[in-house]
Amino acid sequence: MEEFVTEEAVLPPAPGEAEHAALALANSTVALPGGHTADFLGTPAQAEQWLAQRDLAPSGAGLAEVCATQLRSLREQIRSLLASRVAGQPALPAAVTAINNAMTRVPTASLLLWDEKAGPYRAAPHPTTAIVEHALATIAADAADLLTSPDATRLTACASPPCNRFLLKHGRRQWCSTRCGDRARAARAYARRTMQE
């Protein structure tokens, strides 16, 4: 059951999200207790807000549903790659292709431009219509960097069901947030009590 994001659904960023936009994107859909899901990219306005908070798009860009759909699609491909890495399984070729396509869709070189008065100059093209493509390319490049960096060995899934978020482990921490850690400890305590009865 898909829900709009509520205050109760808002969790602090999982460890590693501040450094990796791809990890933040993967965690932009949250499984909640009771079989509910909160999607931080559920509407174009939410997707635009999410991008603006990470300086990947200007506020008020006016994203359309097709843009939010592209972002949600990249999220699923990144989640697939992260899950494969955590499980030590081969990645789905379609997920790898999606990341590569997102990275190569946008030119990275500064192009030669010519101004009638100032003459030639170089600049990276960034038309308003390509805002989402630039954001997708940036996030895809970050996903590729994360998966090939030493941080990849610290990548794990939150150990508190039903949470579906990923994080970078620091020490023995197995949970994406204090809330998930408390829920896992409470479940273990409950299981011990019921076994003793």
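Heads up: these notes are all about the structure in this document. (Residues numbered from 1 in each chain as written. Predicted model: local features only at pLDDT ≥ 70, side-chain atom pairs only at ≥ 80, totals over all residues. Heavy atoms only, no water.)

1. Regarding the pattern of salt bridges
Pairing is possible between side chains of opposite charge, provided their charged atoms come close. Tallying each qualifying case throughout the model produces five salt bridges. E17 is paired through a salt bridge with R165; the nearest N and O atoms lie 3.7 Å apart. Taken together, the residues E17 in the loop between β1 (2–3) and α1 (21–26) and R165 in the loop between β6 (155–157) and β7 (166–168) connect sequence positions 148 residues apart. For D151, the salt bridge identified is with R154, shortest N-O distance 2.7 Å. When its relative accessible area of 22% is taken as the criterion, D151 is described as partly exposed. Connected through salt bridges with shared partners, the residues D39, R75 and E76 form a single ionic network. (Salt bridge = Lys/Arg side-chain N within 4 Å of Asp/Glu carboxyl O. Helix = DSSP H or I, 4+ residues; strand = E, 2+ residues; numbered from the N terminus. Buried < 20%, exposed > 50% of the residue type's maximum accessible area, 1.4 Å probe, protein only.)

2. Looking at the packing of helix α3 (residues 65–87) against helix α4 (residues 93–104)
Packing of α3 against α4 leaves a shortest axis separation of 9 Å and a crossing angle of 130°. Relative to α4, the element α3 is oriented oblique. Two packed elements cross with a definite hand, and for α3 against α4 that hand is left-handed. Judged by residue contacts, L74, Q77, I78, S80 and L81 of α3 engage A94, A95, V96, A98, I99 and A102 from α4. (Axes fitted to C-alpha atoms, helices over the stretch in contact; angles between N-to-C directions. Parallel < 35°, antiparallel > 145°, perpendicular 65-115°, else oblique. Left-handed = near helix turned anticlockwise from the far one by under 90°. Contact = heavy atoms within 4.5 Å.)

3. A look at the pairing of strand β2 (residues 29–32)
The alternating pattern of β2 places T29 and A31 and V30 and L32 on opposite faces, both of which are buried. Where β2 meets strand β3 (residues 36–39), four bridges bridge the pair, whose relative direction is antiparallel. By the bridge assignment for β3, L32 is matched with H36. The hairpin formed by β2 and β3 contains three residues between the paired strands, and G34 there has a positive phi angle of roughly 85°. (Pairing = 2+ DSSP bridges.)

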